[in-house]
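Structural characterization, general
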Amino acid sequence: MSTLTFPDDFLWGASTSSYQIEGALEVDGRGPCVWDTFTRQGKIQDHTTAATACDHYHRWPEDVGLMKAAGFNAYRFSIAWPRVVPNGTGPINPKGLDFYDRLVDGVLAAGIRPMACLYHWDLPQPLEDEGGWQGRAVIEPFADYARAVAARLADRVKDWMMLNEPNVVAIFGYGVGEHAPGHHLGEEGILRALHHQNLAQGAALRALAAERSDLTLGTVINLQPCRAEDDKPENIAAAQRWDAVWNRVPLDGLMRGQIPPLLAEAMKSFVLPGDEAKIRYPIDLLGINYYSRMTMKYEAGRPFNVFWGDAHCDRWTFMGWPVQPDGLYDLLMEFKRDYGNPAVYIAENGAAYDDQVAPDGAVHDADRVTFLREHIGAVGRAMADGCNVKGYLCWSLLDNFEWAFGLAKRFGIVRVDYETLKRTPKDSYHFIAEVIRNKAVTL
Ligand code: FCB
């Protein structure tokens, strides 16, 4: 057994996103977003909707109370663009901002640092109707929205994340149609969506920096180490291509102002002179989401001729994702080596399991406890080896609407009964609370 300790000022908490937990989709002047449309088109596997989800919009005081009781000192949530700017552009909806105003005050009163993310996938539908992330029409509206939110909240919220996982939006939303807005635009659609999110992010970062000088500005990218399934040259090349698309377009754009050389030719028809400089920004804090490594192999006919191969793993979550805590250690060490060790925090990490409620009413989610223990341990090991990690926020506080999977996949450390909306802290919640109390994890 070994024990890894964490510094006193380490950030501990959870992440959530507006669409996945809030419900109240037609309340207080919220406008429609792409996920409302996608859900109505029957694209959600279990045919559920996010109409109520966790009803966090009304039950947030209870949820903040759960975080406080667990000892959290940080909470990353997202702001719903369609609540604040119902048409995507034009008038601000004060009632939408009122909700976040109340939430932020409640979070601060609980002694928790609010970390706001401006875009966790709920693009206002009117902007999608103008081409969404395929074009540039969305860039200025995003910066305007960022300014409007900051004008209301930045006196109290100091940590601002621009985007969540632009690669997932681009690949699943515009490339292969598995997420909203459901397009099948292939390689070019993916790269366009990535590039325009990068540009919007750069514009919003500059907009916020111009408003106030006391903010910690950043974004959230999910980095997954891409490995070839075996040493066949075509599989090694496939892993390099996927690494360029998945990791490097978002990361090198932001950190280096660089389009990956492997993709320069494919992107040249829509990258304009000066774009790289607009995308690059010296952020203060990078949020990294980590779930697993990716194992790639060549397969013709798929975007970039890449297929997710056999992960050579003997443990899997209920999503069918491999359990690979060493991948998190490797990723942090590689990031330190390649990007000069800037400040990062783990903005999401967690697992869905097929939780059951025991006869005593508790949820003994032993697999999730093991998952969290090993991943927090990987973070601790990376820190012991010099990585500049400032915090660990699990995904997620609550079971929630897991996008195209609907309510069927439960990621929470707190169970939500979707009939009664009752919250039940799982064993994993008590585990995290104990780690926070001890400032240490034992492996
Ligand atoms: C991430 C998303 C988050 C959640 C987890 C499981 O890709 O950012 O909203 O769906 O996966």
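Our subject is the structure that appears above.
Residues numbered from 1 in each chain as written. Predicted model: local features only at pLDDT ≥ 70, side-chain atom pairs only at ≥ 80, totals over all residues. Heavy atoms only, no water.

1. Points about the side chain of D55
Residue placement: D55 occurs in the loop between α2 (34–40) and α3 (56–70). What makes D55 buried here is its relative accessible area of 12%. Within the structure, the side chain of D55 is placed 2.8 Å from the side chain of H58, a separation counted as a polar contact. Excluding residues that lie within four positions of it along the chain, D55 makes contacts with I21, E22, L421 and R423. (Helix = DSSP H or I, 4+ residues; strand = E, 2+ residues; numbered from the N terminus. Buried < 20%, exposed > 50% of the residue type's maximum accessible area, 1.4 Å probe, protein only. Polar contact = N/O pair within 3.5 Å; in protein donor to acceptor, adjacent residues only side chain to side chain. Contact = heavy atoms within 4.5 Å.)

2. A few points about the packing of aromatic side chains
Inspection of the entire model under this criterion finds 28 aromatic pairs. Here Y119 and W133 contribute two aromatic rings whose centre-to-centre distance is 5.4 Å and whose plane-to-plane angle is 65 degrees, an arrangement assigned as edge-to-face. One end of the pair, Y119, is in strand β4 (residues 113–119); the other, W133, is in the loop between α6 (125–129) and α7 (139–153), and 14 residues separate them in sequence. Just above the ring of Y329 sits the side chain of R381; from NZ or CZ to the centre is 5.0 Å. Stacked on the ring of F318, the Lys or Arg K409 has its end atom at 4.3 Å from the ring centre. (Phe/Tyr/Trp six-rings, centres within 6.5 Å; stacked < 30°, edge-to-face > 60°. Lys NZ or Arg CZ within 6 Å of the ring centre and 35° of its normal.)

3. A closer look at the sheet that holds strand β10 (residues 306–308)
Pairing is mixed across the open sheet formed by three strands, whose spatial order is β7-β9-β10. The outermost strands of the open sheet, each flanked by one partner alone, are β7 (226–228) and β10. Strand after strand, the sheet turns through a mean of 45 degrees between neighbouring axes, direction not considered. In this sheet, β10 lies alongside strand β9 (residues 294–298) in antiparallel orientation, the contact comprising three bridges. Note on β10: the bridge partner recorded for M296 is W308. (Pairing = 2+ DSSP bridges. Axes fitted to C-alpha atoms, helices over the stretch in contact; angles between N-to-C directions.)

4. Looking at the site of the ligand
Every residue lining the ligand is accounted for by Q20, H120, W121, N164, E165, Y291, E348, W395, E402, W403 and F411. Between the ligand and the protein, one listed contact pairs an oxygen atom with a side-chain N or O atom of H120 at 2.8 Å. In the model, an oxygen atom of the ligand is placed 3.0 Å from a nitrogen or oxygen of the W403 side chain. (Near = heavy atom within 4 Å.)

5. Let's talk about the sheet that holds strand β12 (residues 389–395)
Here we have eight strands rolled up into a closed barrel, ordered β2-β3-β4-β5-β6-β8-β11-β12, and parallel in their pairing. On average, each strand axis in the sheet is tilted by 25 degrees relative to the strand beside it, whichever way the strands run. In this sheet, β4 lies alongside strand β3 (residues 74–78) in parallel orientation, the contact comprising five bridges. The residue of β4 that forms the bridge with F77 is A116. Packing of helix α5 (residues 94–109) onto the sheet brings it into contact with β3 and β4, and relative to β3 it is tilted by some 170 degrees. Of the strands in this sheet, β4, β5 (159–164) and β6 (216–222) touch helix α9 (residues 186–211), which is tilted by about 165 degrees from β5.

Honestly, that's just the spatial picture; any functional story needs more than this.
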